[in-house]
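Below, each chain spelled out in residue letters.
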Amino acid sequence: MSSGDHGDIDPLDTSVIRSWRSITTLVVFVLTNIVVLFPFHVPLPLPVVARDAFFGALASLRVIAPRKASARSHGQKLLWNRLPINFVTAPLIADLFLLAILAIGRREVHDGTIGADNISPLDIMAFFLSLAYIAISIDASGLIRYLAFRVLQWGGKVGHRLFFYLYAFFFLLTAFIGNDPVILSGTAFLAYMTRVSSNILHPRAWIYTQFTVANMASAILVSSNPTNLVLAGAFDIKFINYTANIIVPVVITAIVLFPFLLYIVFADESLIPVSIKMHELPEELKNKKPVNPNIPNARANMEEQEEEHMNDETGQLLSLEEIMNPFLDKTGAAFGGVIMGLTLIAVLALNAASSSSGEHPVFWVTVPAAVILIVFDLALGWMNRKETREIARQGRDQLETKKELKERSLPIQESPSPLIQPSESDTITENATPEDTHTRPATSAVEIEKQNTPPTTVEQGRKEPPPSRTTLSSLTAKSWRWLQETFPTSTTVLAHLPLALIPFAFCMFVLVQALVSHGWVSVFAFGWDHWVSKTGTVGAVGGMGFLSVVLCNFAGTNIGTSILLSRVIQAWQSIHARPGAPPLSDRTFWATVYSMALGLNYGAFSAAFSASLAGLLWRDILARKHIRVSRLDFARVNLPIIAISMVVGCVALIAEVYVVRSGEPYDR
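Because the structure is a prediction, the values reported are computed rather than measured. Residue indices begin from 1 for each chain and proceed along its sequence in written order. Two thresholds apply to this predicted model, a pLDDT of at least 70 for residue-level local features and 80 or more for giving and counting side-chain atom pairs, whereas whole-chain, interface and lining totals are computed over all residues. The basis for every side-chain value is the complete set of heavy atoms in the structure, and neither hydrogens nor water enter the calculation.

## Concerning the packing of helix H24 (residues 520-554) against helix H26 (residues 586-602)
Think of two packed helices as two axes; the pair is described by the angle between the axes and how far apart they sit. A fitted line through C-alpha atoms serves as each axis, taken over the contacting stretch for helices, and the angle formed by two N-to-C directions is quoted from 0 to 180°. To qualify as a helix, a DSSP run of H or I must reach at least 4 residues; to qualify as a strand, a run of E must reach at least 2; elements of each kind are numbered from the N terminus. Relative to each other, H24 and H26 sit at 15°, their axes nearing to 7 Å. Here H26 runs roughly parallel to H24, going by the angle between their axes. Between H24 and H26 lies a crossing of right-handed hand. Mapping the contact onto sequence places Trp528, Val532, Thr537, Ala540, Val541, Met544, Gly545, Ser548, Val549 and Cys552 in H24 and Arg587, Thr588, Ala591, Thr592, Ser595, Met596, Gly599 and Leu600 in H26. In this count, Pro and Cys sit with the nonpolar residues alongside Ala, Val, Leu, Ile, Met, Phe, Trp and Tyr, while Asp, Glu, Lys and Arg are called charged and the others, Gly among them, polar. Class assignment for the residues of the contact of H24 with H26 results in ten nonpolar, seven polar and one charged. Any angle from 65 to 115 degrees is called roughly perpendicular, while one under 35 is roughly parallel, one over 145 is roughly antiparallel, and all others are oblique. Crossing handedness is defined as follows: a turn of the near helix away from the far one that is anticlockwise and smaller than a right angle gives a left-handed crossing, while the clockwise case is right-handed. Contact definition: two residues touch when any of their heavy atoms are within 4.5 Å.

## Describing the environment of Lys330
Note on placement: Lys330 falls in helix H15 (residues 330-357). Given the relative accessible area of 66%, Lys330 is considered exposed. For the pair Lys330 and Gly142, spaced 188 residues apart in the sequence, the C-alpha separation amounts to 8.5 Å. Note on exposure labels: buried denotes an accessible area under 20% of the residue type's maximum, exposed denotes more than 50%, and partly exposed covers the range between, all computed with a 1.4 Å probe on protein chains only.

## Observations regarding the environment of Ile339
Within the secondary structure, Ile339 is located in helix H15. Sequence-distant contacts of Ile339, defined by excluding residues within four places in its chain, comprise Ile134, Ala369 and Ile372.

## Let's talk about the confidence of the model for the protein
Every residue carries a pLDDT, the predictor's confidence in it, which falls somewhere between 0 and 100. Counting all residues, the mean pLDDT for the protein is 82, and 85% of those residues have values of 70 or more. When pLDDT is averaged over each element of the protein, helix H28 (residues 631-660) comes out on top at 95 and helix H18 (residues 434-439) at the bottom at 37. Every residue in residues 1-7 is under pLDDT 50, and counting partners more than four places away or in other chains gives 18 contacts. Below pLDDT 50 for its whole length, residues 412-462 participates in 78 contacts with residues either more than four positions away or in separate chains.

## Here we look at the packing of helix H9 (residues 204-217) against helix H27 (residues 613-624)
One can describe the packing of H9 onto H27 by two numbers: an axis separation of 12 Å at closest approach and a directional angle of 155°. It follows from the interaxial angle that H9 and H27 lie roughly antiparallel. Crossing handedness for the pair H9 and H27: right-handed. Mapping the contact onto sequence places Ile207, Tyr208, Gln210, Phe211 and Asn215 in H9 and Ala614, Gly615, Trp618 and Leu622 in H27. In terms of residue class, the contact of H9 with H27 is made up of six nonpolar, three polar and no charged.

## So, the pattern of salt bridges
We count a salt bridge whenever a side-chain nitrogen from Lys or Arg sits within 4 Å of a carboxyl oxygen from Asp or Glu. All told, the structure shown has ten salt bridges when counted by the stated rule. Of the charged contacts, one joins Glu485 and Arg481 as a salt bridge, the two residues approaching to 4.0 Å between their closest N and O atoms. Note that Glu485 and Arg481 are positioned in helix H21 (residues 472-486) at a spacing of four residues, about one turn of the helix. Judged by its relative accessible area of 8%, Glu485 falls in the buried class. Counted as one network, the salt bridges with shared partners bring together Glu390, Arg393 and Asp397.

## Points about the packing of aromatic side chains
Working definition: rings of Phe, Tyr and Trp (its six-membered ring) pair if their centres are within 6.5 Å, and the pair is stacked with planes under 30 degrees apart, edge-to-face with planes over 60 apart, and tilted otherwise. Here the structure, examined in full by the defined rule, presents 26 aromatic pairs. For the ring pair Phe87 and Phe504, a centre distance of 5.7 Å and an interplane angle of 75° mean the geometry is edge-to-face. With Phe87 in the loop between strand E2 (78-85) and helix H3 (89-100) and Phe504 in helix H23 (residues 501-517), this residue pair connects regions lying 417 residues apart in the sequence. Residue classification places Phe87 among the buried positions, given a relative accessible area of 19%. Consider the rings of Phe164 and Tyr165, whose centres lie 6.1 Å apart with planes at 55°: the pair is tilted. Among the residues examined, Phe164 registers a relative accessible area of 40% and is labelled partly exposed. Overall, Tyr165 belongs to the partly exposed group, its relative accessible area being 31%. Grouped by ring-pair contacts, the aromatic residues Phe235, Tyr242, Trp528, Trp572, Phe589, Trp590 and Tyr594 constitute a single cluster. For the cation-ring pair, Arg385 lies above Trp382, with the distance from its terminal atom to the ring centre recorded as 4.1 Å. A ring has a charge above it when a Lys NZ or an Arg CZ is no more than 6 Å from the ring centre and no more than 35 degrees off the ring normal.

Structure representation (structure tokens):
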């Protein structure tokens, strides 16, 4: 049976699962989710002759520069390339395979991209990415790190008080702008903070708490997480109604979880000391103008310095300056905050009014708002282009000078970068101003000449490199560098947008539509119906909470889980909408939906990094800050946290639905 025949089949007919295409579809879906959980690389052989011919053709067309050496000179006939099989490529390969065997067709691709049954992937992606630009632009302005710095000041050196302040701060901030920007800046901030404390031996308590709180608070607003968007669309939930129903269980969970983390999970003086001992930042560095980290090379070779000075005083000063002298673009932060506030208010108003004035996609609000902020960021970058280009040039000159010194094996005598500190034998005086010359544009011709003059040891041995051939790739690289130096905020936001979510989400939508067409979703829905008929409302809450958390780890992140479970519950609705079927109670149905919302958001901090895209982002940021978190440690630390969070959240939800919902039949 081909996909083209699915339109004439009863969507609740489970007899179709006996066909080989149906069985293959289920197997492919399961294997795809296993690959998302355990990504790997596939070695692919490539003949050297073909590789050289391909690159030679590109070079002759001036797409790339001619290659200097060939593997053929070493007698090689094959080159092995590694194809990544991960959360981006695995669902795409699965969809292509199902198309090739005619297990899916036009209908599944259409419904998985354009939308069906109140779930519109295109609308969801447009809404989420436009709102993500606004949130990440606020983050790029330095506002989150600056606010975290103020919270650090308010908390002082009392460990438990600071832990509470940061806990509340990350919770409130995530509820407003979503979890991705908070994880982007908050994780790096905590990595630096714990590094400069002499009696916090491991950052475990702080980084796991921040990750937990960021994903917990993302359940409050529909706009904070794409899983919430899928849920609200699938069951036609008004955004304000969603927040009103979910906020009580989430807040109760946050209140109960805090003492559990402080006094049970992380009850260790080496993790959360009673009194935190932090190194002091010298006054000279406190009064220095902060460097905009969005400008390329603005902090010159800070990454190399962090590698070289991980455990010494210089490294601690680098980390301390990151948190105690944060950069803040006040204009960008203020404008971005206003845009975000007005956008959320307009989204809530439009969504609430859609029942009386007709359905209006909420991206009608968020996309224009994002465009306004893009134009603002571009205009601000253009107005400040002279300063940002000069800062980038200074940093680039420093890096080139250091590279030349290394190549000639000469003693490195470089002027300090914005964040390089003198050795212990040196002293900082009021007359020593190399930091200032690197953090602001030169104001005179003499100053510019001094900054452009490299050490004489390099000048004496310098040889002018032969002029490079202009190619399409070199022009592209040069253009991108110009864009980064001219529009640092816009290019930084673009680099941090979760663009990988687009192919992943669309491919997962298509895969789930394949399960719908082949009867598997109906099978799952009948199984769920049997469970609820035996256990009632309490069983529905507990069962759906457990299922959603577990499937986040094994069904293509919480996004894939939200798509699958939403289709299952829609099929469950259809089962009880048939003539003669007993009606669903209003209490049981909404208890199921909102327990799913809890599980989809809380499930991010459960057993696997791949339970959410935020988990993969969190792990990568920590790795760049030299904090390694293994899969086993992630699961071991999170197990008691997710257990208490889900128990408290589900109990609070059960109490809520018995108070505010009736046992009357559910009316769509």
